[in-house]
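Chains, contacts and geometry: an overview
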Amino acid sequence: MIKVLAVASEVFPLVKTGGLADVVGALPKALLPHGVETRVLVPAYPPILAALGPAEPIYRYNDVFGGPAALIAGKVGDLDLIALDAPHLFNRNGNPYLAPGGADWPDNWQRFAALSYVAGEFGSGLIGEFVPDIVHAHDWQSALVAAYLHVAPEPKAKTVLTIHNLAFQGVFPTPVFAELRLPPSLCALDGVEYYGAVGYLKAGLQFADAITTVSPSYAEEICTPAGGMGLDGLLRSRRAVLSGIVNGIDTDVWDPAVDKDLAAPFTAAKLARRADNKRAIEKRFGLETGDGILFSVISRLTWQKGMDLLADAIDALVASGARLAVLGSGDAVLEGALSAAALRHPGRVGFVAGYDEKLAHLLQGGADAILIPSRFEPCGLTQFHGLHYGCVPVVSRVGGLADTIIDANDAALAAGVATGLQFSLADAGGFAHAVTRAQHLFADPKAWSAMQKSGMKSDVSWSRSAARYADIYRRLLARI
Ligand code: ADP
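Everything in this summary refers to the structure shown in the same document. Remember, it's a predicted structure, so these values are computed and weren't measured experimentally. (Residues numbered from 1 in each chain as written. Predicted model: local features only at pLDDT ≥ 70, side-chain atom pairs only at ≥ 80, totals over all residues. Heavy atoms only, no water.)

This part covers the site of the ligand. The ligand sits among 19 residues. The nearest are Gly19, Arg300, Lys305, Gly354 and Leu381. Take glycine 19: an N or O atom from its main chain is 2.6 Å from an oxygen atom of the ligand. Burial of the ligand by the protein amounts to 93% of the accessible area it has alone, namely 570 Å². Residue contributions to the shell around the ligand peak at three residues, all from strand β13 (residues 294–301). Grouping the amino acids of the shell around the ligand by side-chain chemistry returns five nonpolar, eight polar and six charged. (Near = heavy atom within 4 Å. Polar contact = N/O pair within 3.5 Å; in protein donor to acceptor, adjacent residues only side chain to side chain. Areas by Shrake-Rupley, 256 points an atom, 1.4 Å probe, with all protein chains shown as cover. Helix = DSSP H or I, 4+ residues; strand = E, 2+ residues; numbered from the N terminus. Nonpolar A, V, L, I, M, F, W, Y, C, P; charged D, E, K, R; others polar.)

What follows is the structure, given as structure tokens:
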């Protein structure tokens, strides 16, 4: 067995702000058949402590970045968790990164340095309870572990860093460096220094033994000035150890045949049952009843996700006869624009502001298509849910969306392999065109259900991708 310590700032189903949590929560189970045993190190936010229940710490610290801390281990469902219980850093409710007013917690630099530091101690074999062969860090919040392990003496674990979104880099003012417990030599261009500041993700990219990101196209995009967000030079220099592996979904959590959040569970052979789910969506979103095309959106409301393009496209979409149900939370301006659109188009556009996992399932199980007009998308998960639930993805041709959806062009339709629609974005015109194409295809029920069925047949599970991660671990340990 290969022993892996996964380190992340969120994990489904306990703490989730996005796809990162889904991945961290699902990968351990998928890796097990490949000879990989994973423990997941996460901050002990209140919901994590509550799920673990009372337990004797496996380790205690007198001082971790400003206060005492303990490590609490336990199982939650299939997950083997280790929680870093540092109340001064993590005993806070709500969003893991943001204070109630919406600004970053001012001590985020400390909180996630602490998480990475402790991960480094595991990787150095200092915590006898679990000595990993690999420390697998996810995103900037745990990326600094690669720096801690870089300066640690042998024997030590190898490090893998997965980039889920290069837009979040963990950049802090230079004085922070003095508190990180790293040797001064690392405060340099080939260390953690980043454009006159300290960059946690940058440090991870500099020192990790292997770097992955969540789709092959995104791996290419981040090596270009247009997609590299300031890190493309470093990423190009590390191209030899960079790979793109698409995410999967947990098909136990997402299974339309037994999904309790659906009004009517269904299979590819019983697609007509989706109509009951459509009725339930209409009711919940205050929409008119009808058999015409119903588009859905399930998204963080941000510029990245192209939600401004969506808001701009709504009037035309309604004018063409379509209906739209949007579930999302995020940017207040976008929330306002979507609420206004729903008011302008009663019965045609419904908007539920907020985060609602159950409603996300219902939308996938009853809407005809899901719109994903992202400007960039490292992998994306909602298109997988859509594929698996017969909710045809209409996506911009970027990152993981480009890699996982087969556009319904003439060749793909003739070969019967189309699973969705793609459009090259950057302008609203492309989006509008794709919506029109979707409506034309929907008007041909045979073509539409063929596309739904192709989508439902595609392998969206973790099995292939888990094998690739296991391969990377084996290579690093030279156990191939
Ligand atoms: P990102 O991580 O960039 O937000 P992904 O598509 O990778 O985007 O993952 C988003 C995850 O969060 C999916 O599981 C999706 O269903 C879920 N999600 C996003 N917004 C909402 C919402 N408002 N309510 C419920 N689930 C949501």
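The structure having been displayed, the exposition proceeds.
When two helices pack together, their arrangement is given by the angle between the helix axes and by the axis-to-axis distance. Across the interface, helix α11 (residues 307–319) lies against helix α17 (residues 428–442) with an axial gap of 10 Å and an inter-helix angle of 45°. By the angle between their directions, the pair α11 and α17 is classed as oblique. α11 and α17 meet at a crossing whose hand is right-handed. Across from Leu309, Leu310, Ala313 and Leu317 in α11, the residues of α17 making contact are Ala428, Phe431 and Val435. The residue makeup of the contact of α11 with α17, split by class, is seven nonpolar, no polar and no charged. (Axes fitted to C-alpha atoms, helices over the stretch in contact; angles between N-to-C directions. Parallel < 35°, antiparallel > 145°, perpendicular 65-115°, else oblique. Left-handed = near helix turned anticlockwise from the far one by under 90°. Contact = heavy atoms within 4.5 Å.)

With that settled, consider the side chain of glutamate 377. Within the secondary structure, glutamate 377 is located in the loop between β16 (369–372) and α14 (382–388). Classification of glutamate 377 by relative accessible area gives buried; the value is 5%. Apart from the residues within four sequence positions on either side, glutamate 377 is in contact with Tyr218, Gln304, Lys305, Val398, Gly399, Gly400 and Leu401. (Buried < 20%, exposed > 50% of the residue type's maximum accessible area, 1.4 Å probe, protein only.)

The buried count for strand β5 (residues 79–85) comes to six of seven residues, which makes it a mostly enclosed element. Examined bridge by bridge, strand β2 (residues 36–43) and β5 share four bridges and lie parallel to one another. For leucine 41, the partnering residue across the bridge sits in β5 and is isoleucine 82. Note: strand β4 (residues 69–76) against β5, seven bridges, orientation antiparallel. Bridged to lysine 75 within β5 is aspartate 80. Here β4 hands over to β5 after two residues, with glycine 77 in that stretch at a positive phi of 60°. (Pairing = 2+ DSSP bridges.)

Residues Leu41, Leu180 and Tyr200 are the most contacted members of the largest nonpolar core, which totals 83 residues. In terms of residue count, the dominant contributor to this core is helix α4 (residues 108–123) (nine residues). (Core = buried A, V, L, I, M, F, W, Y, C linked by side-chain atoms within 4.5 Å.)

What follows covers the pattern of salt bridges. This model, assessed by the stated rule, comprises 23 salt bridges. In this structure, arginine 279 engages aspartate 291 in a salt bridge whose closest nitrogen and oxygen atoms are separated by 3.6 Å. Of this pair, arginine 279 sits in helix α10 (residues 274–285) while aspartate 291 is found in the loop between α10 and β13, placing the two residues twelve residues apart along the sequence. Looking at aspartate 291, the relative accessible area reads 64%, which means it is exposed. One network of salt bridges, in which partners are shared, links Lys29, Asp78, Asp250 and Asp252. (Salt bridge = Lys/Arg side-chain N within 4 Å of Asp/Glu carboxyl O.)

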